[in-house]
Amino acid sequence: MTDTLFPPPVVQTIPVNGEAAAYPVARIFCVGRNYAAHAAEMGAEVDREAPFYFTKNPAAVLPTGSTLPYPPGTSDLHHEMELVLVIGHPVFRASKAEAAKAIYAYGCGLDMTRRDLQNTAKDKRRPWDLGKDFEGAAVFAPLTRAADFGPVADQRIHLSVNGATRQDATLDELIHKCDEVIADLSTYYHLAPGDVIMTGTPAGVGAVVAGDQITGGIDGLDPIALAIGPAD
Ligand code: MN
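To start, this report covers the structure provided alongside it.

In terms of burial, strand 9 (residues 103-111) is largely enclosed, as eight of its nine residues are buried. Sheet topology note: the strand 8 (residues 81-87)/strand 9 ladder contains seven bridges and is antiparallel. The residue of strand 9 that forms the bridge with Val86 is Ala105. Pairing geometry for strand 9 and strand 12 (residues 144-145), over two bridges, is antiparallel. Bridging from a neighbouring strand, Ala105 pairs with Arg145 of strand 12.

Take a look at the structure:
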């Protein structure tokens, strides 16, 4: 291995139920506006022809149960509860059937969002990075292997803040299904193990402040939790 001048980046991982080894995170792709009611609350149209994407850096990964210091540069930090899937073998220009077979595991995730910065970016036709890709912005619960979870159907997906329900929907409301997302994304990238896909959030996104406790769940998967701490 090449000597490096500074310590190389730490590989971020997500635990997998029933496996001693963890899933290594290489890339994080996120689907935008994949539930009609969420698109509507954002004042946006759903694009039913094809999904669209943004990305997060693996350095944004934070495990469930963490405390996220209220992030810099924002006064409107939002929660987005999402179904996460991870890729288990290489796929490129995949059919939907091939795409489905490439799903290694599912889990609960939080796409934490600096909404004010995202909205400014939208207004100015700039990229979303400052709104979406920051330290602690990608929170993951332990994964469950696809064979153990079974098919994505009408499982409930929900999120509460301090015990009060904010998001409550079912996975059959996903506009672009998991296999469709992978098949589409694989026309742009050579997907491979290490690739994590956050499939989008249902309606009910909203702000959190220091001291808030977020809890979320999807039927059949490990729950997720995040505390919001004071700014550092
Ligand atoms: Mn999202």
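After that view of the structure, there is still more to cover.
Around the manganese ion, the protein contributes the donor atoms Glu80 (OE), Glu82 (OE) and Asp111 (OD), which lie 2.0 to 2.1 Å from the metal centre. Along the chain, the residues that donate to the manganese ion are spaced as E-x1-E-x28-D. Residue classification places Glu82 among the buried positions, given a relative accessible area of 1%.

Ordered in space as 10-7-16, the three strands form an open sheet in which the pairing is antiparallel. Of all strands in the sheet, those with a lone pairing partner are strand 10 (113-114) and strand 16 (206-207), marking the two edges. Judged from the two bridges that link them, strand 7 (residues 77-79) and strand 10 form a sheet pairing that is antiparallel. Residue pairing in the sheet places Leu77 in a bridge with Arg114 of strand 10.

What follows covers the pattern of salt bridges. One pass over the structure, following the stated rule, counts nine salt bridges. Here Lys132 makes a salt bridge to Asp111, at a shortest N to O gap of 2.9 Å. You can see Lys132 sitting in helix 4 (residues 129-132) and its partner Asp111 sitting in strand 9, a full 21 residues away along the chain. Just as Lys132 is buried, Asp111 falls in that class too. The salt bridge partner of Asp148 is Arg145, with a shortest N-O separation of 3.1 Å. Its relative accessible area of 26% is what places Arg145 among the partly exposed residues. A network of salt bridges, in which partner residues are shared, links Lys56, Glu80, Asp111, Arg115 and Lys132.

Within the element layout of this structure, Ser186 appears in the loop between helix 6 (178-185) and strand 15 (195-198). Relative accessible area serves as the criterion here: at 0%, Ser186 is assigned to the buried category. There is a polar contact of 2.9 Å between the side chain of Ser186 and the backbone oxygen of Ala183. Residues within four places of Ser186 in sequence aside, it is in contact with Val91, Phe92, Arg93, Ala94 and Leu191.

Parameters at a glance
- Residues numbered from 1 in each chain as written.
- Predicted model: local features only at pLDDT ≥ 70, side-chain atom pairs only at ≥ 80, totals over all residues.
- Heavy atoms only, no water.
- Buried < 20%, exposed > 50% of the residue type's maximum accessible area, 1.4 Å probe, protein only.
- Helix = DSSP H or I, 4+ residues; strand = E, 2+ residues; numbered from the N terminus.
- Pairing = 2+ DSSP bridges.
- Donors = N, O, S within 2.8 Å, 3.2 Å for Na, K, Ca; no water.
- Salt bridge = Lys/Arg side-chain N within 4 Å of Asp/Glu carboxyl O.
- Polar contact = N/O pair within 3.5 Å; in protein donor to acceptor, adjacent residues only side chain to side chain.
- Contact = heavy atoms within 4.5 Å.

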